[in-house]
Number of protein chains: 2
Amino acid sequence: MGKKSSHVSLRPRLRVIRGESIALGPGKVDLLSLVGKTGSIREAADRMGMSYMRAWTLIKTMNACFKKPLVEAVRGGSRHGGAMLTEHGREALQLYHQMEKGSLAATKLQWKKLKRLLED
Amino acid sequence: MGKKSSHVSLRPRLRVIRGESIALGPGKVDLLSLVGKTGSIREAADRMGMSYMRAWTLIKTMNACFKKPLVEAVRGGSRHGGAMLTEHGREALQLYHQMEKGSLAATKLQWKKLKRLLED
């Protein structure tokens, strides 16, 4: 891993399409992941530098694309306005991350060859 | 392949990044492919619904990212303003397509599971 590998990179951006909507893509998955970590849509939105409204819209789109919601509001308790991933949400997130890893692994050989063609 | 599989789909969009530039991505690769097929940047741009200037800018970016140009102008001959892929260009295009195929193949199992979570 020399200078070159930090300069060129391969990014697989997987998009799961349902009808006219993007059910899951890199941005939505990052958001899901942060909601899971922080337990808050507002906190997740802040960390991604997006508005709460934007985050909420993305989550509404995701929820509508799946048979069961991926994110649900946590009512009551000390954490007002909190949210959490449902089991469905954790499963979707895990499958997406596995696909990302699989995609990177599967492209390794060609990527090595392609890197040689790229300018340093 | 029933109704469902036409309604939901997985699109791996691979991006090859060099420094601040996208050396290759889905759009650039489609353009490359069309230049190879049509032998003309103008014709390729038309088919993609983009301006000649836009196509030319994308090609300049690609050419600058690689050690050797991927596309070169064809001077003289009957096809004024024609262009062709160089050997370097054909190789890059082939490697990218192989990576796309590999990526799809590698995600098949998880995609099957994820599809089951998606709304019909």
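Please read all numbers here as calculations on a predicted model, not as lab measurements. (Residues numbered from 1 in each chain as written. Chains lettered and ligands numbered in written order. Predicted model: local features only at pLDDT ≥ 70, side-chain atom pairs only at ≥ 80, totals over all residues. Heavy atoms only, no water.)

A. The overall build of chain A, seen in detail. Regarding its fold elements, chain A presents 6 helices and 4 strands. For chain A, the sequential pattern of α-helices and β-strands runs α-β-β-α-α-α-β-β-α-α. Compactness check: chain A gives a C-alpha radius of gyration of 17 Å against a globular reference of 14 Å for 120 residues, more than 25% above the reference. If you line up chain A on its principal axes, its C-alpha atoms span 55 × 30 × 25 Å. Across the 120 residues that make up chain A, the buried fraction comes to 45%. Taking all contacts inside chain A whose residues are at least 6 apart in sequence as the whole, residues at least 24 apart take part in 52%. Accessible area for chain A stands at about 6,800 Å²; split by element, carbon and sulfur atoms hold 50% of it. (Helix = DSSP H or I, 4+ residues; strand = E, 2+ residues; numbered from the N terminus. Rg over C-alpha atoms; globule rule 2.2 N^0.38 Å. Buried < 20%, exposed > 50% of the residue type's maximum accessible area, 1.4 Å probe, protein only. Contact = heavy atoms within 4.5 Å. Areas by Shrake-Rupley, 256 points an atom, 1.4 Å probe, with all protein chains shown as cover.)

B. Main features of the relation of the copies chain B and chain A. Here chain B sits on chain A after a turn of 180° about the axis and a move of 0.0 Å along it, with an RMSD of 0.0 Å. When the rotation and shift are considered jointly, the pair of chain copies conforms to a two-fold rotation axis. Among all C-alpha atoms of chain B, that of S103 of chain B lies closest to the rotation axis, at 2.1 Å. With an isologous cut-off of 70% or more, the 100% of interface residues of chain B that recur at the interface of chain A puts this contact in the isologous class. (Least-squares fit on C-alpha atoms with pLDDT ≥ 70 in both.)

C. Structural context of the packing of aromatic side chains. Under the defined criterion, the tally for this structure stands at 0 aromatic pairs over all chains. Taking NZ or CZ as reference, R42 of chain A lies 4.5 Å from the ring centre of Y52 of chain A, over its face. (Phe/Tyr/Trp six-rings, centres within 6.5 Å; stacked < 30°, edge-to-face > 60°. Lys NZ or Arg CZ within 6 Å of the ring centre and 35° of its normal.)

D. Representation of the interface of chain B and chain A within the structure. Taken together, the contact pairs 39 residues of chain B with 39 residues of chain A. Interface of chain B and chain A: buried area, both sides summed, is about 3,700 Å²; carbon and sulfur atoms make up 65% of it. On the chain B side of the interface with chain A, the three residues burying the most area are K67, M99 and L117 of chain B, jointly 18% of the side's total. For the interface between chain B and chain A, the tally reads 20 residue pairs in polar contact (both at pLDDT 80 or more). When contributions to the side of chain B that touches chain A are tallied by element, the ones reaching two or more residues are helix 1 (3–7), strand 1 (8–18), strand 2 (21–24), helix 4 (52–65), helix 5 (87–106) and helix 6 (108–117) of chain B. When residues of the side of chain B that touches chain A are assigned to their parent elements, the largest contribution, 11 residues, is made by strand 1 of chain B. Residue classes in the side of chain B that touches chain A are distributed as 19 nonpolar, 9 polar and 11 charged. Bridging between strand 1 (residues 8–18) of chain A and strand 1 of chain B involves 11 bridges; their strand directions are antiparallel. Within strand 1 of chain B, the position partnered with L10 of chain A by the bridge is V16 of chain B. (Buried area = accessible area lost by both parts, 1.4 Å probe. Polar contact = N/O pair within 3.5 Å; in protein donor to acceptor, adjacent residues only side chain to side chain. Nonpolar A, V, L, I, M, F, W, Y, C, P; charged D, E, K, R; others polar. Pairing = 2+ DSSP bridges.)

E. Quick peek at the environment of L117 of chain B. Looking at where L117 of chain B falls in the secondary structure, it is placed in helix 6. Residue classification places L117 of chain B among the buried positions, given a relative accessible area of 8%. Setting aside chain neighbours within four positions, we find L117 of chain B in contact with F66, K67, H88, E91, A92 and L95 of chain A.

F. Up close: the pairing of strand 2 (residues 21–24) of chain A. Residues and elements named next belong to chain A. Bridge count between strand 1 and strand 2: 3 bridges; the pairing is antiparallel. Bridge assignment links I17 to a residue of strand 2, and that residue is I22. What sits between strand 1 and strand 2 in their antiparallel hairpin is a turn of 2 residues, with G19 showing a positive phi close to 60°.

G. Spotlight on the sheet that holds strand 2 of chain A. Taken together, 4 strands build an open sheet; the order of strands is 2(A)-1(A)-1(B)-2(B) and the sheet is antiparallel. Each having just a single partner strand, strand 2 of chain A together with strand 2 of chain B make up the two edges of the open sheet. For this sheet, the mean angle separating the axes of adjacent strands, direction not counted, is 50°. Helix 4 (residues 52–65) of chain A contacts strand 1 and strand 2 of chain A of the sheet and is inclined by roughly 85° relative to strand 2 of chain A. Set on the sheet, helix 5 of chain B makes contact with strand 1 of chain A together with strand 1 and strand 2 of chain B; between it and strand 1 of chain B the angle comes to about 140°. (Axes fitted to C-alpha atoms, helices over the stretch in contact; angles between N-to-C directions.)

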